[in-house]
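# Report on the structure
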Amino acid sequence: MKQSLIQKYNIPGPRYTSYPTVPYWNKEGINKQDWIDSFQKSFIESNSSEGISIYIHLPFCERLCTFCACHKHITKRHEVEEEYIETVLKEWKLYVALVNEKPIIKELHLGGGTPTFFSKENLKYLMDGIFSIAEKHPDHEFSFEGHPNNTTKEQLQTLFNCGFSRVSFGVQDYNEKVQKAIHRIQPFEAVAQVTKWAREIGYTSISHDLIFGLPFQTKEAVIHTINKTKELQPDRISFYSYAHVPWVKGVGQRGFNEDDLPKNDEKRELYEIGKELFAELGYEEIGMDHFALKTDSLYKATINKTLHRNFMGYTANKTQLMIGLGMSAISDSWYAFAQNVKTVKEYQKLVNQGEIPIFRGHLLTEEDRVIRKHILNMMCHFSTSWEADNMKINNVENHLKLLEEMEKDGLVNVHENFLSIPEKARPYVRNICMAFDFHLLENKPKTQLFSMTI
């Protein structure tokens, strides 16, 4: 039996929310002063022109969802909210004290964990604290992740009043058997209610996150979930491939047997069914795993070639500098990456000592930055060119040689100075990017570090 393209190319590979990817950051880490220097350099270059981005990690969840790979802290003790927010604001003040002008925030995202774990009063206190020493960019876009089961109308209104216009609700799947397996029980009525509230309040972009490849998920389950989603017509849909990485998530992802997961062609069929249904509903495919109505800013960014990708995923706004606040948050100055310590206790201890709480990072070389541009182009625009001086790749012929088999299979079109990825080959974009990842090529992992690419 002939091997399918899915079987051939479905291998472990990075999702390229950064380049170099985290496992290939400098093993010796990053000197804290080097990180501060790169932050200050990037701030000076970008704050007054394009503004900066802020990601705030709010890690608390009341329950463990077994599909999730995020850094989280499971607790039902809501008294942890105040101390954590105070620490985030102290960390923000540490950064602002390093620059001579007021930060102008163009993009701000509250991620988790479960941001709606926090009360409306504490969310407002957090935003008031951030903007007591910063300004909003005239074209700002602020967003947050909401859990449909615990997002209240008051929380939505509070954040809207603070300048938020976009919200993403985690849906995953509406099938009860699937929900039970992933420990995420939430009825359609809860999603419908929070979506209705967000529209009434005035949110201009509402996103629903769906996942394919979950345990016990069938074609019928995916069709049912998308038909229910059709009733609510979110502006964006994220249709993520379930990443089964129990070596990262621990026992939280061992609540079901691996035989219960759809694999290879069966799993990819779930995506193709979804993609076809989304197209029928008027959604345009954006980058990898994302779909948007033509009225949404993500689609407009695709048309205008301004779509960007960073640790927050795809974004309509490109900023050179992104500061990650909170436990485990990752910052990106374009010249360097830095990640905060991964436990709430250690994070609070370091910040209260007046230290920027990073524990690892990576200073990008000039070659890193060139390859990073190409990978961003491929992930966002499905093409890239190495003709310009600042885009030239060392030994490009070696990378192109690795694409010969994929070119024969019709997955990439390679020309003298550029390449393009045909629409049918978009599911393989991670594989194509891997051919340019010299860190991965020079030091192939001996154990599995990444989820499967397809």
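Calculation notes
- Residues numbered from 1 in each chain as written.
- Predicted model: local features only at pLDDT ≥ 70, side-chain atom pairs only at ≥ 80, totals over all residues.
- Heavy atoms only, no water.
- UniProt positions renumbered as here; feature names shortened; annotations may be inferred.
- Helix = DSSP H or I, 4+ residues; strand = E, 2+ residues; numbered from the N terminus.
- Rg over C-alpha atoms; globule rule 2.2 N^0.38 Å.
- Buried < 20%, exposed > 50% of the residue type's maximum accessible area, 1.4 Å probe, protein only.
- Contact = heavy atoms within 4.5 Å.
- Pairing = 2+ DSSP bridges.
- Domains from an automatic or database assignment.
- Buried area = accessible area lost by both parts, 1.4 Å probe.
- Salt bridge = Lys/Arg side-chain N within 4 Å of Asp/Glu carboxyl O.
- Polar contact = N/O pair within 3.5 Å; in protein donor to acceptor, adjacent residues only side chain to side chain.
- Nonpolar A, V, L, I, M, F, W, Y, C, P; charged D, E, K, R; others polar.
- Axes fitted to C-alpha atoms, helices over the stretch in contact; angles between N-to-C directions.
- Parallel < 35°, antiparallel > 145°, perpendicular 65-115°, else oblique.
- Left-handed = near helix turned anticlockwise from the far one by under 90°.
- Arc of directions from axis to C-beta.
- Phe/Tyr/Trp six-rings, centres within 6.5 Å; stacked < 30°, edge-to-face > 60°.
- Lys NZ or Arg CZ within 6 Å of the ring centre and 35° of its normal.

An unreviewed UniProt entry lists the chain under the name Coproporphyrinogen-III oxidase, from Polaribacter aestuariivivens. Recorded under Subcellular location (unreviewed entry), the UniProt text for the chain is reproduced unchanged: "Cytoplasm". In its Pathway (unreviewed entry) section, the UniProt record describing the chain reads: "Porphyrin-containing compound metabolism; protoporphyrin-IX biosynthesis; protoporphyrinogen-IX from coproporphyrinogen-III (AdoMet route): step 1/1."

### Details of the overall build of the chain
When its secondary structure is counted, the chain shows 17 helices and 19 strands. Expected size for 454 residues packed as a compact globule is a radius of gyration near 22 Å; at 21 Å, the chain falls within 12% of this value. In terms of its C-alpha atoms, the chain occupies a principal-axis envelope of roughly 60 × 50 × 40 Å. Residue burial in the chain is summarised as follows: out of 454 residues, 57% are buried. In the chain, 73% of the contacts between residues at least 6 apart in sequence involve partners at least 24 apart.

### Examining the pairing of strand β4 (residues 104–112)
Of all nine residues making up β4, nine are buried, and the element is well covered by its neighbours. Bridge count between strand β1 (residues 52–58) and β4: seven bridges; the pairing is parallel. Residue pairing for β4: I56 is matched across the bridge by L110. Here β4 pairs with strand β5 (residues 135–146) via six bridges, running parallel.

### Digging into the domain arrangement of the chain
You can read the domains of the chain as domain 1 (18–363) and domain 2 (366–442). Each of domain 1 and domain 2 was reduced to a C-alpha centroid, and the two centroids are 27 Å apart. Taken residue by residue, the interface counts 21 residues in domain 1 and 21 residues in domain 2. Considering only the surface of domain 1 that becomes buried against domain 2, Y19, Y24 and W334 emerge as the three largest contributors, covering 39% of it. For the interface between domain 1 and domain 2, the tally reads two salt bridges. Our count for the contact surface shared by domain 1 and domain 2 stands at five residue pairs in polar contact (both at pLDDT 80 or more). Within the residue set of the side of domain 1 that touches domain 2, elements represented by two or more residues are α10 (264–280), β11 (308–310) and β16 (358–363). Ranked by the residues each element gives to the side of domain 1 that touches domain 2, the list is headed by α10, at three residues. Of the residues assigned to the side of domain 1 that touches domain 2, the class counts are 10 nonpolar, four polar and seven charged.

### Quick look at the packing of helix α8 (residues 219–232) against α10
As a packed pair, α8 and α10 sit with axes 10 Å apart at the nearest point and diverge in direction by 25°. As the angle between them shows, α8 and α10 are arranged roughly parallel. Here α8 and α10 pass one another in a crossing that is right-handed. Across the interface between the two elements, K219, V222, I223 and I226 of α8 pack against E269, L270, I273, G274, L277 and F278 of α10. Of the residues assigned to the contact of α8 with α10, the class counts are seven nonpolar, one polar and two charged.

### So, helix α5 (residues 153–161)
For α5, the full list of buried residues reads Q155, L156, T158 and L159. On an axial view of α5, the arc spanned by its buried residues comes to 165°, and they lie on one face. The elements touched by buried residues of α5 are β4, α4 (120–131), β5, β6 (164–172) and α7 (188–201). Looking one or two residues past α5, G163 carries a phi angle of roughly 110°, positive in sign.

### Details of the UniProt feature "binding site: S-adenosyl-L-methionine 1" (unreviewed entry) in the chain
In this numbering, the UniProt entry assigns the feature "binding site: S-adenosyl-L-methionine 1" (unreviewed entry) to Y55, G112, E145 and I330. Mapping Y55 onto the fold places it in strand β1. Judged by its relative accessible area of 14%, Y55 falls in the buried class. With residues up to four places along the chain from it excluded, the contact list for Y55 reads H109, G111, G112, M312, I323, G324, L325 and A329.

### Examining the environment of F60
Positionally, F60 belongs in strand β2 (residues 60–61). Taking the C-alpha atoms as reference, F60 lies 9.6 Å from V344; in sequence the two are 284 residues apart. With residues near it in sequence (within four places) discarded, F60 still touches H73, T75, V80, Y84, G113, T114, F117, F118 and V344.

### Focus on the packing of aromatic side chains
Enumeration according to the criterion identifies 25 aromatic pairs in this entry. Judged by centre distance (5.6 Å) and plane angle (35°), the rings of F60 and F117 are tilted. Here F117 lies in the loop between β4 and α4 and F60 lies in strand β2, a separation of 57 residues in the sequence. Here F117 falls in the buried class, since its relative accessible area comes to 4%. Ring geometry for F278 versus Y283: centroids 6.3 Å apart, planes at 75°, classification edge-to-face. An aromatic cluster is present here, built from F131, F142, F144, F160, F164 and Y203 joined pairwise through their rings. Sitting over the ring of F131, K136 keeps its end group 5.3 Å from the ring centre.

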